[in-house]
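# Coordinate analysis (summary)
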Amino acid sequence: MADDLISALRALANRWAVRARDFNRDAKTETDATKAAYNRGYAEGYYRAATELATLLKDGADRLPVSSPAFPPERPQPAAPPAPTVEYVAMPISEALLTLSYAGSEPRDIEARKDNTFKAIFSRWENLTDHERVEKLKRTDNRIVVISSGRLKDTHDPYIEFAYKSS
């Protein structure tokens, strides 16, 4: 069990080192100074975390007890009940656009999905922060459920995935 834990921690340190290398490479190729500094910060953080964990494992691996009271033997856990499937109310895309407009945000693109959810993509130049946009959308209609929000990986444009629940 201790060997499995040490192996998992070494794998984690290796993943962090790879991420540090990737962020460092991105920082060197980035033309925007702000994004380059952001990537350098992430690279440094991952590098420090990876080296500290590797050092800890190297120095302390021989001192780890074989059976540690901090990690009791695994007992079989009862199976969790299946998560209830959530069904959202079908709404026309015009209603979603109207709701977003009332929230004070105009999406650049909106996609209606088969599971009655919507994905709205906004311009990153819009004069709202991501969390302000989400909060305004939630306050606009009590039926709105925000499933996820964030930034697209390729364009860094903000997006919100949302749906309408029954009243």
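Residues numbered from 1 in each chain as written. Predicted model: local features only at pLDDT ≥ 70, side-chain atom pairs only at ≥ 80, totals over all residues. Heavy atoms only, no water.

## Let's talk about the environment of Trp-16
Counting through the fold element by element, Trp-16 comes out in helix 1 (residues 2–29). Looking at Trp-16, the relative accessible area reads 24%, which means it is partly exposed. Residues within four places of Trp-16 in sequence aside, it is in contact with Tyr-46, Ala-49, Ala-50 and Leu-53. (Helix = DSSP H or I, 4+ residues; strand = E, 2+ residues; numbered from the N terminus. Buried < 20%, exposed > 50% of the residue type's maximum accessible area, 1.4 Å probe, protein only. Contact = heavy atoms within 4.5 Å.)

## So, the pattern of salt bridges
Tallied over the full model, the rule gives 14 salt bridges. The salt bridge involving Arg-133 is made with Glu-126; its shortest N-O contact spans 2.9 Å. Grouping residues by exposure puts Arg-133 and Glu-126 together as buried. A salt bridge links Arg-143 to Asp-141, with the nearest nitrogen and oxygen atoms 2.8 Å apart. Note on Asp-141: relative accessible area 14%, which makes it buried. Ionic contacts of the salt-bridge type, sharing partners, join the residues Arg-21, Asp-22, Arg-25 and Asp-26 into one network. (Salt bridge = Lys/Arg side-chain N within 4 Å of Asp/Glu carboxyl O.)

## Description of the side chain of Asn-39
Within the secondary structure, Asn-39 is located in helix 2 (residues 33–60). Its relative accessible area of 10% is what places Asn-39 among the buried residues. Apart from residues no more than four positions distant in its own chain, Asn-39 is found in contact with Phe-23, Asp-26, Ala-27 and Glu-30.

## Details of helix 3 (residues 93–102)
Looking only at helix 3, the buried set comprises Ala-96, Thr-99 and Leu-100. One side of helix 3 carries all its buried residues, which in axial view fall inside an arc of 100°. Gly-104 lies just past helix 3 and shows a positive phi near 85°. (Arc of directions from axis to C-beta.)

## Section: the sheet that holds strand 1 (residues 109–112)
The 4 strands are arranged 1-2-4-3 in an open sheet whose pairing can be described as antiparallel. In this open sheet, the two edge strands, each paired with only one partner strand, are strand 1 and strand 3 (144–151). Pairs of neighbouring strands in the sheet enclose a mean axial angle of 15°, with direction left out of account. Here strand 3 pairs with strand 4 (residues 158–164) via 7 bridges, running antiparallel. By the bridge assignment, Val-145 is partnered in strand 4 with Ala-163. (Pairing = 2+ DSSP bridges. Axes fitted to C-alpha atoms, helices over the stretch in contact; angles between N-to-C directions.)

## As for the nonpolar core
Counting 13 residues, the largest nonpolar core has Leu-100, Ile-110, Phe-118, Phe-162 and Tyr-164 as the members making the most contacts within it. Elements with a contribution of two residues or more to this core: helix 3, strand 2 (117–121), helix 4 (130–140) and strand 4. At 3 residues, strand 4 tops the list of elements feeding residues into this core. Excluding residues within four positions of it along the chain, Phe-118 makes contact with Met-91, Pro-92, Ile-93, Ala-96, Ile-110, Glu-111, Ala-112, Ile-160, Glu-161, Phe-162 and Tyr-164. (Core = buried A, V, L, I, M, F, W, Y, C linked by side-chain atoms within 4.5 Å.)

## Some thoughts on the pairing of strand 4
Looking along a regular strand, one sees the side chains alternate between the two faces of the sheet. The element strand 4 is extensively covered by neighbouring structure, given that 7 of its 7 residues are classed as buried. Of the two faces of strand 4, the one lined by Pro-158, Ile-160, Phe-162 and Tyr-164 and the one lined by Tyr-159, Glu-161 and Ala-163 are each fully buried. By the bridge criterion, 5 bridges tie strand 2 to strand 4 in an arrangement that is antiparallel. The residue of strand 4 that forms the bridge with Ala-120 is Ile-160. Hairpin connection from strand 3 to strand 4: 6 residues lie between these consecutive antiparallel strands, with His-156 at a positive phi of about 60°.

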